[in-house]
Amino acid sequence: MAIKEYNHPDTKEFEESFANFRVAFGRKIKYYRDLKNYTQEYLAELINIEQASLSNIERGKVYPTQLTLYRLASVLGVEPYQFFTVSPMIAVQDMAKEITEAMYRDKNLADMIYKFYCSVH
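All figures in this text were calculated on a predicted structure; none of them were measured in a lab.

A. The arrangement of the overall build of the protein in detail. Scanning the protein for helices and strands turns up six helices and zero strands. Mapped from its N terminus to its C terminus, the protein presents α and β elements in the order α-α-α-α-α-α. Residue burial in the protein is summarised as follows: out of 121 residues, 26% are buried. Across the protein, every contact between residues at least 6 apart in sequence was considered, and the portion connecting residues at least 24 apart equals 61%.

Here it is in structure tokens:
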């Protein structure tokens, strides 16, 4: 018995939506990798996969296995569900790190953040 291909009218829309999800998911992994200052090569070594595989995950080309997902979360120090929260909200410690880095790059921004901080405290 041959299996029929699912040909729902929204199949293309679903495929595009899932592709977008994979890209956002991959960006989230890259985001946490960058917070740790890990290179792709180093993280791939830590989780026992090829660097090219990690690159494909981060670019949304492939989706990781459950084991790889668990290893990523463990090594990056996050809970697995955090890869699935692709909203613009970020954790407070992540926001503080981004603000600090921005302040080192741009003195005017540092002054503006300091003035804002003083005005609300």
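B. A look at the packing of aromatic side chains. Scanning all chains against the criterion turns up twelve aromatic pairs. Measuring from centroid to centroid gives 6.4 Å for Phe14 and Phe18, while their planes differ by 5°, and the two rings are stacked. Here Phe18 and Phe14 lie together in helix α1 (residues 11-35), a separation of four residues that amounts to about one turn. Looking at Phe14, the relative accessible area reads 53%, which means it is exposed. Centre to centre, the rings of Phe25 and Phe83 are 5.9 Å apart; their planes meet at 65°, and the pair counts as edge-to-face. With Phe25 in helix α1 and Phe83 in the loop between α4 (66-76) and α5 (92-105), the pair connects residues that are 58 residues apart, well separated along the chain. An aromatic cluster is present here, built from Phe14, Phe18, Phe21, Phe25, Tyr31, Tyr32, Tyr63, Phe83 and Phe84 joined pairwise through their rings.

C. Seen up close, the confidence of the model for the protein. Mean pLDDT over the protein: 83, with 85% of residues reaching 70 or higher. Of all the helices and strands in the protein, α5 carries the lowest mean pLDDT, 74, while helix α2 (residues 40-47) carries the highest, 97.

D. Broad picture of the environment of Ala44. With respect to the helices, strands and loops of the structure, Ala44 is situated in helix α2. Overall, the relative accessible area of 1% leaves Ala44 in the buried class. When residues no more than four places from it in sequence are discounted, the contact partners of Ala44 are Ile49, Glu50, Gln51 and Leu54.

Rules and cut-offs
Residues numbered from 1 in each chain as written. Predicted model: local features only at pLDDT ≥ 70, side-chain atom pairs only at ≥ 80, totals over all residues. Heavy atoms only, no water. Helix = DSSP H or I, 4+ residues; strand = E, 2+ residues; numbered from the N terminus. Buried < 20%, exposed > 50% of the residue type's maximum accessible area, 1.4 Å probe, protein only. Contact = heavy atoms within 4.5 Å. Phe/Tyr/Trp six-rings, centres within 6.5 Å; stacked < 30°, edge-to-face > 60°. pLDDT = per-residue confidence, 0-100.

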